[in-house]
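# Examination of the molecular architecture
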Amino acid sequence: ADAGRVQRWSLADPAQPGLAAPLTARGVTVLDSVSYSHDGKTLAAVGDHGALIVWAAHGGGRPVAADTIGGATLTAVAYSPDGRMIAVGNQYGGVDVRTLSTSGIPATSGTYLTSSGRITALAFSHNSRYLAAGTTAKAAPIWSTASLTEIADLPHPAGVTGVAFGTGDRHLLT
């Protein structure tokens, strides 16, 4: 993601990647994070001015949904594997969790979770029961998606720039 657009690359022949038409977001100058839905039907990007943009993965370059979540720069986005939620993190440690319609469009409001530091990464567990975040505050909070409450805040020696759940959700990589 760059300069308010998402570049899509065809890897049908990985030895010769092809650039497809970019996906653009009107009025957005910076997109910080992108994510495909697990069913491959939609993709989302987040960026400056609280922009959350959703496109049909196989549609034209026009967004199917756009929303503004506060005014803070949005820094991370992740879809839940079960297709029911999307999480969006911001520069101030907030995470907005929204339900998705059957067509993959986020609800217009969600549940706001808080942490310390800039949200740098988000990941749902494979069973969608947990949401983890990387932060600049040397921590990785984990929330239950059923209750939307924090269940752990894992200390880290430095800012956490990536999070990933392992197979079976028994481990979290930071």
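Each residue is numbered by its place in its chain's sequence as written, counting from 1. With the structure being a predicted model, the display of local features is reserved for residues of pLDDT at least 70 and the display and counting of side-chain atom pairs for 80 or more, all residues being used for whole-chain, interface and lining totals. Only hydrogens and water are removed before side-chain values are computed, so all heavy atoms of the structure are retained for them.

Another aspect to go through is the sheet that holds strand E10 (residues 85-90). Here we have four strands laid out as an open sheet, ordered E9-E10-E11-E12, and antiparallel in their pairing. Each of the sheet's edge strands pairs with one partner strand only, and the pair in question is strand E9 (74-79) and strand E12 (111-114). For this sheet the average axis-to-axis angle between neighbouring strands, irrespective of direction, equals 20°. Looking at chain direction, strand E11 (residues 94-99) and E12 are connected through four bridges and run antiparallel. The residue bridging Asp96 from the neighbouring strand is Tyr112, located in E12. Strand pairing requires that DSSP identify at least two bridges connecting the strands. Each helix is a run of DSSP H or I of at least 4 residues and each strand a run of E of at least 2, with the numbering of both proceeding from the N terminus. Axis angles are defined between N-to-C directions and span 0 to 180 degrees, where every axis is a line fitted to C-alpha atoms and, for a helix, only to the segment in contact.

On to the nonpolar core. Counting 13 residues, the largest nonpolar core has Ala87, Val95, Val97, Leu122 and Leu131 as its most contacted members. Where this core is concerned, the elements lending two or more residues are E9, E10, E11, strand E13 (119-124) and strand E14 (130-135). Of all the elements, E13 adds the most residues to this core, at three residues. Excluding residues that lie within four positions of it along the chain, Ala87 makes contacts with Ala76, Val77, Ala78, Val95, Asp96, Val97, Leu122, Phe124 and Leu131. The next biggest cluster of nonpolar side chains, apart from the first, holds 12 residues, and it includes Val46, Val54, Ile69 and Tyr79. In these notes, a set of buried Ala, Val, Leu, Ile, Met, Phe, Trp, Tyr and Cys residues joined through side-chain atoms within 4.5 Å is what counts as a nonpolar core. Remark: exposure states derive from per-residue accessible area (1.4 Å probe, protein chains only) relative to the maximum for the residue type, with buried under 20%, exposed over 50%, and partly exposed in between. Any two residues whose heavy atoms approach within 4.5 Å at even a single point are treated as in contact.

This next bit is on the sheet that holds strand E6 (residues 42-47). In space, the four strands of this open sheet follow the order E5-E6-E7-E8, with antiparallel pairing throughout. Each edge of the open sheet carries a strand with a single partner, namely strand E5 (31-36) and strand E8 (65-68). Here the strands of the sheet are splayed against their neighbours by 15° on average, with no regard to which way each runs.

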